Amino acid sequence: MFEFDQYLGFLAFLTILTIGFWLMMFLLLFVVPYWLGGNIIELLKERRDKKKAQREA
């Protein structure tokens, strides 16, 4: 059947796979939307300030 070294290797593989999966989920569900949302808000602020400066000039 399996030897102890193979069992440890399989557990290490599953651990790395699980960590990678949850890291990818965290990045896709929280970090990327936060980053995109912040960029969009900053872009809208810049456009608003630019229009405001043009109206005042």
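Note that the structure is a prediction, hence the values are computed from the model and not measured. (Residues numbered from 1 in each chain as written. Predicted model: local features only at pLDDT ≥ 70, side-chain atom pairs only at ≥ 80, totals over all residues. Heavy atoms only, no water.)

> What exactly am I supposed to notice about the UniProt feature "transmembrane region" (unreviewed entry) in the protein here?
According to UniProt, the feature "transmembrane region" (unreviewed entry) maps to residues 7-36 in the numbering used here. Spanning residues 7-36, this segment combines 100% helix with 0% strand, and its end C-alpha atoms are found 42 Å apart. (UniProt positions renumbered as here; feature names shortened; annotations may be inferred. Helix = DSSP H or I, 4+ residues; strand = E, 2+ residues; numbered from the N terminus.)

> For this particular structure, what's the right way to read helix H1 (residues 4-56)?
Note that an α-helix has 3.6 residues per turn; residues three or four places apart therefore point the same way. Look at H1: 76 Å from first C-alpha to last across 53 residues, which is about the 78 Å you get at 1.5 Å a residue. The principal kink in H1, of about 35°, is found at Leu27. (Expected span 1.5 Å × (residues − 1). Bend = angle between axes of the 7 residues up to and from the residue.)

> Just checking my understanding: could you explain the pattern of salt bridges for this structure?
Any two side chains of opposite charge can pair, on the condition that their charged atoms come close. Summed over the entire model, instances satisfying the criterion amount to one salt bridge. In this structure, Glu42 engages Lys45 in a salt bridge whose closest nitrogen and oxygen atoms are separated by 4.0 Å. With a gap of three residues between them, Glu42 and Lys45 both fall in helix H1, about one helical turn apart. (Salt bridge = Lys/Arg side-chain N within 4 Å of Asp/Glu carboxyl O.)

> What am I meant to see in the packing of aromatic side chains here?
Given two aromatic rings, one states the distance between the centres and the angle between the planes to describe the pair. This structure, assessed with the given rule, holds two aromatic pairs. Ring centres of Phe21 and Trp22 lie 5.0 Å apart, and the angle between their planes is 75°; on these two criteria the pair is classed as edge-to-face. Residue Trp22 is classed as exposed on the basis of its relative accessible area, which comes to 54%. With 5.8 Å between their ring centres and 40° between their planes, Phe26 and Phe30 make a pair best called tilted. Of this pair, Phe26 and Phe30 both sit in helix H1, separated by four residues, roughly a single helical turn. Residue class for Phe30 comes out exposed when judged on its relative accessible area of 54%. (Phe/Tyr/Trp six-rings, centres within 6.5 Å; stacked < 30°, edge-to-face > 60°. Buried < 20%, exposed > 50% of the residue type's maximum accessible area, 1.4 Å probe, protein only.)

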